[in-house]
Amino acid sequence: MTEPTPHSHPAALSDMDVRVRALESLLLEKGYIDPATLDELIDTYEHRVGPHNGARVVARAWTDPAYREWLLRDATAAVGEPGGFGFTGRQGEHLVAIENTPQIHNLVVCTLCSCYPWPVLGLPPAWYKSAPFRARAVIDPRGVLADFGVVLPADTEVRVWDSTAEIRYLVLPQRPSGTEALSEAQLAALVTRDSMIGTGLAMAPAIGEGARP
Ligand code: FE
């Protein structure tokens, strides 16, 4: 076998790829879709919209008490308005932020389908859409959290929030200890996608990082 060159097609396409390409070619040929629009959509969900947006919101809430208060009172505005971050778009309407505390841990699910706050988290991961997660998050939230490696103190209450077409939730995770000296950008790097769904916690700072003046 020769080494693949940038212009060769060395890997066999999966069945799904073949189907998607066939469908795309057909829709293009018939003029039903505009390639520039399609590229724009793909670029939006690959680069512009994603958990890095939500991480910035969380880091701001950790460092700015007035912003935290605004986020908890009206997350749609605090996230979407120009005075906030200006993150708007489909499935970003009616956003509600719920705050984790030492007493309460929040977990988000959509039992019906896969409702998810796209402007702050991007597209949902496959497990979020899976039937086992959707069913078990309600019946056995602690079991689900354990599967994700999250073990909470026994006296922490776990609250499960069911997303709908009307309300999307963003979990405001607890700020890790030892992060007092970190900048907002450094803090945002600790905020994982899962910590904003409630299936994870924000990461601890790297050794030494928190101690930096
Ligand atoms: Fe849904």
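Residues numbered from 1 in each chain as written. Predicted model: local features only at pLDDT ≥ 70, side-chain atom pairs only at ≥ 80, totals over all residues. Heavy atoms only, no water.

> Which parts of the structure should I look at to understand the packing of aromatic side chains?
The relation between two aromatic rings is expressed through the spacing of the ring centres and the mutual angle of the planes. Following the criterion strictly, the structure yields ten aromatic pairs and no others. Judged by centre distance (6.3 Å) and plane angle (65°), the rings of tryptophan 127 and tyrosine 128 are edge-to-face. Residue classification places tyrosine 128 among the buried positions, given a relative accessible area of 0%. Here the aromatic rings of tyrosine 128 and phenylalanine 133 are separated by 5.9 Å at their centres, their planes lie at 40°, and the arrangement is tilted. Taken together through their ring pairs, the aromatic side chains of Tyr116, Trp127, Tyr128, Phe133 and Phe148 make up a single cluster. A cation over an aromatic ring shows up here: arginine 60 above the ring of tyrosine 67, its NZ or CZ 5.8 Å from the ring centre. (Phe/Tyr/Trp six-rings, centres within 6.5 Å; stacked < 30°, edge-to-face > 60°. Buried < 20%, exposed > 50% of the residue type's maximum accessible area, 1.4 Å probe, protein only. Lys NZ or Arg CZ within 6 Å of the ring centre and 35° of its normal.)

> I keep staring at the coordination of the iron ion and nothing clicks. Help me out?
Put simply, the ideal angle at a metal is 109.5 degrees for four donors in tetrahedral geometry and 90 or 180 degrees for six donors in octahedral geometry. Only Cys110 (SG), Cys113 (SG), Ser114 (N), Cys115 (N) and Cys115 (SG) from the protein coordinate the iron ion, and they sit 2.1 to 2.8 Å from it. Judged by its relative accessible area of 35%, cysteine 113 falls in the partly exposed class. (Donors = N, O, S within 2.8 Å, 3.2 Å for Na, K, Ca; no water.)

> Even after reading the chapter, I still don't get the pattern of salt bridges, so can you show me in this structure?
Pairing is possible between side chains of opposite charge, provided their charged atoms come close. With the rule as written, the count across this model stands at nine salt bridges. The shortest N-O distance in the salt bridge between aspartate 140 and arginine 136 comes to 3.3 Å. Across the pair arginine 159 and glutamate 157 runs a salt bridge, and its minimum N-O distance is 2.9 Å. Looking at arginine 159, the relative accessible area reads 34%, which means it is partly exposed. Salt bridges sharing partners connect three or more residues here, namely Glu40, Asp43 and Arg48. (Salt bridge = Lys/Arg side-chain N within 4 Å of Asp/Glu carboxyl O.)

> What am I meant to see in the packing of helix α3 (residues 51–63) against helix α4 (residues 65–73) here?
To characterise two packed helices, one gives the angle between the axes of the helices and the distance between these axes. α4 packs onto α3 with a crossing angle of 125° between their chain directions and a minimal axis gap of 5 Å. Between α3 and α4, the crossing angle belongs to the class labelled oblique. The two elements α3 and α4 cross, and the hand of that crossing is left-handed. From α3, Val57, Arg60, Ala61 and Thr63 reach across to α4, where they touch Pro65, Tyr67, Arg68 and Leu71. (Axes fitted to C-alpha atoms, helices over the stretch in contact; angles between N-to-C directions. Helix = DSSP H or I, 4+ residues; strand = E, 2+ residues; numbered from the N terminus. Parallel < 35°, antiparallel > 145°, perpendicular 65-115°, else oblique. Left-handed = near helix turned anticlockwise from the far one by under 90°. Contact = heavy atoms within 4.5 Å.)

Just geometry here; none of it tells us what the structure is for.
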